[in-house]
Amino acid sequence: SRTSWGADAESASISSSSSSSGSTDNTANSQLHRRAGVLSADLQAEYDYYGCSNLDGSNSNTAAAPQHNIFGEGAAAAATPQMAACFCGLLRDAPFDADATSALAQSSSSSATCEDGDATGYPCLNVDLSHHLPLSTFGSPSMANDCWGWTYTTESSATSSVVNGTLPLLATQREFAILGLNDGTAFIEITDPANPVYVGKLATQTSASSWRDIKTYNNHAFIVSEASNHGMQVFDLTRLVDPSLSAPATFSTDAYYSGVGNIHNIAINEESGYAYLLGGSNNCGGGLHMVDIRTPTSPTYAGCFSADGYTHDAHCVNYNGPDTNYAGREICFCSNTDTVTIVDVTDKSAPVQVSRTGYDNGYTHQGWLSTDHSYFVFGDETDETNTGIKTRTLVLDVTNLQAPTNFMEYFADTAAIDHNLYIVQYDETDFIFQANYRAGLRILEVVDYATADFEEVGVFDIYPDDDQARFSGAWSVYPFFPSGSVIVSGTSEGLFILRPDSTLFSFEWIMDPNNPDVFTSNPTSSPTQNPTRVPTQSPSLLPTSSPTASPSGIPTGSPMISPSASPTSSPSGRPTATPTSFPTTIPTASPTTIPTTSPTSSPTAVPSLVPTSSPTGSPTAVPSLVPTSGPSGSPTTEPTASPTGTPTAAPSTGPTASPSTIPTAVPTETPSQRPTGKPISNIFPASTESPSTSSATPTASPTARPTRSPTASPTASPSGRPTSSPSGILVASPTGSPTAVPSVVLTSSTSENPTASPTASPTGSPTSVPSVVPTAS
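Everything numeric here is computed off the predicted structure, so don't read it as measured data.

Definitions and limits used
- Residues numbered from 1 in each chain as written.
- Predicted model: local features only at pLDDT ≥ 70, side-chain atom pairs only at ≥ 80, totals over all residues.
- Heavy atoms only, no water.
- Helix = DSSP H or I, 4+ residues; strand = E, 2+ residues; numbered from the N terminus.
- Buried < 20%, exposed > 50% of the residue type's maximum accessible area, 1.4 Å probe, protein only.
- Contact = heavy atoms within 4.5 Å.
- Areas by Shrake-Rupley, 256 points an atom, 1.4 Å probe, with all protein chains shown as cover.
- Disulfide = S-S within 2.5 Å.
- Pairing = 2+ DSSP bridges.
- Axes fitted to C-alpha atoms, helices over the stretch in contact; angles between N-to-C directions.
- Core = buried A, V, L, I, M, F, W, Y, C linked by side-chain atoms within 4.5 Å.
- Lys, Arg positive; Asp, Glu negative; His and termini not counted.
- Salt bridge = Lys/Arg side-chain N within 4 Å of Asp/Glu carboxyl O.
- Polar contact = N/O pair within 3.5 Å; in protein donor to acceptor, adjacent residues only side chain to side chain.
- Phe/Tyr/Trp six-rings, centres within 6.5 Å; stacked < 30°, edge-to-face > 60°.
- Lys NZ or Arg CZ within 6 Å of the ring centre and 35° of its normal.
- Arc of directions from axis to C-beta.

Considerations on the overall build of the protein chain
Move 1: The number of helices and strands found in the protein chain is seven helices and 33 strands.
Move 2: Counting over 777 residues, the protein chain shows a buried share of 44%.
Move 3: Partitioning the contacts of the protein chain with sequence separation of at least 6, the portion at a separation of at least 24 is 60%.
Move 4: For the protein chain, the accessible area works out to roughly 39,600 Å², and carbon and sulfur atoms hold 53% of it.

This is how it looks when you write it as structure tokens:
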């Protein structure tokens with residue numbers, strides 16, 4: 001049965017009493033003496049350092065602030081009474097933790113199955129004990145605190161056989177527990193959980209402290225502490241698998257970050273490679289001091305968020321929840337003394353507070369996101385001590401990061417203070433693993449987050465004496481080992497290696513390597529040492545023989561596997577055949593096949609076709625009857641008609657170097673033969689006066705311009721040049737009258753030589769080619 005210490009008896013232990021008589025006073029004095037005997041000088045110094053003697057026995061929020069500023073010496077902010085209650089409550093309760101559990105806490109315990117609610121003296125439910133390492137295993141620390149884990153894995157895929165009934169790990173996969181102590185950090189290999197090996201210890205950077213916190217990233221441990229000027233230690237965890245190592249070894253740090261002093265907590269987002277140093281004197285008012293640890297041994301300051309003051313703990317993730325406004329962004333969910341504060345830290349140089357949500361609170365301590373990032377589950381560290389309520393777990397709906405809502409509460413059947421919790425998923429169901437001080441490990445199955453409907457399905461109480469609301473017992477829990485092992489740290493109890501009963505979840509725990517918070521079901525039976533190609537217990541995924549009939553074209557039932565809830569993270573290999581209803585703002589790499597409704601001001605891409613080398617079709621309009629740029633064809637050889645009048649303008653072209661020829665004077669009828677060299681006889685009688693009609697022989701060219709001007713310029717040059725002498729006198733008269741009267745009277749005889757060019761220039765350019773040349777007679 002459990003024994004209750006009672007609030008009065010324990011309060012008396014830290015209260016000075018002036019009474020010299022009475023059993024109560026003697027008991028109080030006796031416990032004060034035990035305190036001095038149990039606590040080391042380091043813990044006693046801390047008790048005085050934080051001014052814990054100023055606290056009253058109720059451990060309430062009305063306690064006076066400590067003499068030491070928890071934010072660090074010289075810090076502007078002062079510690080709140082809630083923080084003082086947390087710090088001093090732990091230091092006050094430490095000696096009674098050791099006294100009450102001395103029988104079990106100081107001895108090592110081997111494997112024990114939970115039967116009828118008991119495992120070698122520890123109350124339990126569906127959780128077996130693999131091994132217990134007492135605090136004395138690790139030298140002479142006064143106290144243990146945080147715990148974390150690390151799994152070493154190589155590329156080998158070989159498997160080992162079952163060891164002590166546990167699920168086999170990869171032959172080269174080894175698991176290690178990391179335990180925080182007030183004087184340093186211990187490393188324990190738990191690959192065989194029933195036979196753990198204490199590998200070694202890393203000493204504190206400066207001095208001892210009851211508060212130490214550890215997280216891991218990329219095969220390195222990052223360690224902070226409330227010890228003065230501790231900074232951040234970096235330790236290469238691969239040193240633990242060095243075959244030449246002699247255990248237990250004394251280790252030294254591999255790197256050190258001095259950008260902070262005393263730090264209360266550390267959060268690491270393993271997806272982004274950033275660490276967040278929280279509380280204490282972190283040069284960010286106790287808020288988020290951000291460090292780039294992507295190169296683990298070269299940590300670098302990245303940014304600071306101090307707008308909402310002190311942050312006690314945080315869960316920072318690459319957000320993948322229902323609020324699409326923040327999809328893929330790095331978000332920190334912070335436990336900020338009296339609020340849940342959400343901060344977007346994607347841009348480390350300019351973090352943004354997304355929301356700040358208060359509640360009916362005592363002291364917001366620590367929390368974790370549901371696996372779907374829809375809810376934040378957290379604990380309050382002083383609500384049980386302040387109000388006397390049962391152990392309370394709170395749930396905040398964070399589906400809208402800017403407006404979280406719907407605070408829900410779950411109450412356990414114990415009075416213990418809740419401390420640290422983490423969430424993992426098994427077969428699509430979330431389970432909450434809690435370290436609740438004197439109530440030990442508690443495992444809650446989530447039925448419905450929206451109503452805080454949880455069912456307690458697992459228990460391992462490392463503090464079997466009572467479940468009082470005191471700061472002693474189970475400090476933290478780590479449930480993320482691939483094998484399914486779970487470790488719990490106890491302030492005076494040391495390290496517990498536990499294994500939840502596989503019947504609790506009806507399957508072994510196998511971690512999904514792509515999501516360390518999610519576990520999948522195991523096969524229904526254990527494989528043989530040398531499995532056959534075809535499983536003997538269950539059918540293979542493919543049929544063992546050909547189908548008896550061809551399948552129908554349409555499925556006969558529902559699909560065997562439901563599609564994923566959300567599309568894949570990357571687009572399909574080929575674009576869709578038609579554009580989406582909402583085109584992207586950035587054009588695609590090549591133009592679409594269909595032109596846009598109206599052209600843009602400038603081409604958006606290279607034309608899809610090259611112009612053809614020749615016109616594609618008929619002209620777009622009928623050409624004019626007269627070409628505009630050149631002659632329509634070859635020039636005519638003869639005039640088409642006699643001039644109709646005087647030229648109206650100068651010829652369109654200059655005269656040729658020599659006359660084109662004697663006017664052809666083509667008669668209306670063709671002569672019977674060519675003229676001889678000279679005339680046979682005169683046709684007209686000789687006369688000294690010019691006849692009234694014509695001379696006997698025409699001149700080679702007119703002596704004056706014709707009386708009638710041509711109506712148009714010739715279309716081309718005459719076909720030849722004039723002969724050297726006149727052709728002679730016509731042998732006969734023309735058969736018809738000339739079409740026009742000559743401009744001058746012909747002489748009675750031929751001229752000696754025809755003129756080389758016209759005697760006078762035309763007064764203007766003919767308007768067209770003369771229709772005919774005047775006849776010679």
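Description of the state of the cysteines
Move 1: The tally for this structure, following the rule as stated, stands at three disulfides.
Move 2: A sulfur-sulfur separation of 2.1 Å characterises the disulfide bridge that pairs Cys114 with Cys124. Disulfide Cys114-Cys124: torsion about the S-S bond near 100°, hence right-handed. With Cys114 in the loop between helix H5 (102-105) and strand S1 (118-119) and Cys124 in strand S2 (residues 122-125), this pair connects stretches of sequence that are 10 residues apart.

Here's the deal with the pairing of strand S31 (residues 494-500)
Move 1: When you tally the buried positions in S31, you get seven out of seven residues, the bulk of the element.
Move 2: Strand direction decides the pairing type here: strand S3 (residues 127-133) and S31, joined by six bridges, are antiparallel. By the bridge assignment for S31, Leu129 is matched with Leu498.
Move 3: Strand direction decides the pairing type here: strand S30 (residues 486-490) and S31, joined by five bridges, are antiparallel. Bridging from a neighbouring strand, Ser489 pairs with Leu495 of S31.

Examining the sheet that holds strand S14 (residues 274-278)
Move 1: Taken in spatial order, the four strands make up an open sheet running S13-S14-S15-S16, and their pairing is antiparallel. The open sheet has two free edges, formed respectively by strand S13 (265-269) and strand S16 (300-305), since each of these has just one partner strand. Each adjacent strand pair in this sheet contributes to an overall mean axis angle of 25°, direction not counted.
Move 2: As judged from the five bridges shared by strand S15 (residues 288-292) and S16, these two strands associate in the antiparallel manner. Within the sheet, the bridge partner assigned to Val291 lies in S16 and is Tyr301.

Section: the sheet that holds strand S6 (residues 184-189)
The strands making up a sheet associate through hydrogen bonds between their backbones, and the pairing can be parallel or antiparallel.
Move 1: In space, the five strands of this open sheet follow the order S4-S5-S6-S7-S11, with mixed pairing throughout. Because the sheet does not close on itself, it has two edges, and the strands there are strand S4 (144-152) and strand S11 (249-251). Neighbour-to-neighbour, the strand axes of the sheet open up by a mean angle of 25°, direction not taken into account.
Move 2: In this sheet, strand S7 (residues 197-203) lies alongside S6 in antiparallel orientation, the contact comprising six bridges. Counterpart to Gly184 in the pairing with S7 is Ala203.

Some points on the nonpolar core
Move 1: Ranked by internal contacts, the top residues of the largest apolar core, which has 72 residues, are Ile188 and Phe460.
Move 2: Other than its neighbours up to four places away in sequence, Phe460 contacts Ala119, Tyr122, Pro123, Cys124, Val127, Leu129, Ala439, Gly440, Leu441, Phe496 and Leu498.
Move 3: Among the nonpolar cores identified, the runner-up in size contains 18 residues, and Cys52, Cys86, Phe87 and Tyr310 belong to it.

Focus: the environment of Ala208
Move 1: Tracing the backbone through its elements, the reader meets Ala208 in the loop between S7 and strand S8 (212-217).
Move 2: If sequence neighbours within four positions are ignored, Ala208 has contacts with Asp42, Asn182 and Ala227.

Quick look at unusual backbone geometry
Move 1: The amide bond that connects Ala247 to the next residue, Pro248, takes the cis arrangement and shows omega of -5°.
Move 2: The residue Pro248 is located in the loop between strand S10 (232-236) and S11 in this model.
Move 3: Of note, the phi angle at Asn219 is positive, near 65°, even though the residue is not glycine.
Move 4: Not every positive phi belongs to a glycine, and Glu428 is a case in point at roughly 70°.
Move 5: Tracing the chain through its elements places Glu428 in the loop between strand S25 (420-426) and strand S26 (429-435).
Move 6: On the basis of relative accessible area, Glu428 is assigned to the exposed category, the value being 74%.

What to know about the side chain of Arg212
Move 1: Relative to the helices and strands, Arg212 is located in strand S8.
Move 2: For the buried Arg212, no salt bridge is present, and the opposite-charge side chain at shortest range is Asp183, 6.4 Å distant.
Move 3: A polar contact of 3.3 Å, which involves the side chain of Arg212, links it to the backbone oxygen of Gly184.
Move 4: A polar contact is formed between the side chain of Arg212 and the side chain of Thr204, at a distance of 3.2 Å.

Re the pattern of salt bridges
Move 1: By the definition in use, this model includes 13 salt bridges.
Move 2: In this structure, Asp338 and Arg356 form a salt bridge, with 3.9 Å as the shortest nitrogen-oxygen distance. With a gap of 18 residues between them, Asp338 in the loop between strand S18 (330-335) and strand S19 (339-344) and Arg356 in strand S20 (residues 352-358) connect regions that are remote in the sequence.
Move 3: Its relative accessible area of 32% is what places Asp338 among the partly exposed residues.

Thoughts on the packing of aromatic side chains
What describes a pair of aromatic rings is the distance from one ring centre to the other and the angle between the planes of the rings.
Move 1: Tallied over the entire structure, the rule returns 28 aromatic pairs.
Move 2: Pairing Tyr122 with Phe496 gives two aromatic rings, centres 5.3 Å apart and planes at 85°, and the pair type is edge-to-face. In this pair, Tyr122 sits in strand S2 while Phe496 sits in strand S31, placing the two residues 374 residues apart along the sequence.
Move 3: Relative to Phe251, the ring of Phe187 has its centre 5.9 Å away and its plane inclined at 85°; by these criteria the two rings are edge-to-face. Of this pair, Phe187 sits in strand S6 while Phe251 sits in strand S11, and the two are 64 residues apart along the sequence.
Move 4: Judged by relative accessible area, which is 0%, Phe187 ranks as buried.
Move 5: Accessibility expressed as a relative area gives 8% for Phe251, which makes it buried.
Move 6: Taken together, the aromatic side chains of Trp148, Trp368, Tyr422, Tyr478, Phe480 and Phe481 make up a single cluster linked through ring pairs.
Move 7: Lys215 extends its terminal NZ or CZ atom over the ring of Trp148, reaching a point 4.8 Å from the ring centre.

Section: the environment of Ile389
Move 1: Among the secondary structure elements, Ile389 is positioned in the loop between helix H6 (383-387) and strand S23 (392-397).
Move 2: Accessibility expressed as a relative area gives 25% for Ile389, which makes it partly exposed.
Move 3: Sequence-wise, Ile389 and Asp413 are 24 residues apart; in three dimensions their C-alpha atoms are separated by 9.9 Å.
Move 4: Beyond its immediate chain neighbours, meaning those up to four positions away, Ile389 contacts Asp383, Glu384 and Phe411.

What about helix H3 (residues 41-49)?
Two residues of an α-helix separated by three or four positions point the same way, owing to the 3.6 residues in each turn.
Move 1: Burial in H3 covers these residues: Leu43, Glu46 and Tyr47. In a view along the axis of H3, the buried residues occupy a sector of 100°, so they form one face of it.
Move 2: One or two residues past the end of H3 sits Gly51, with phi positive at roughly 65°.

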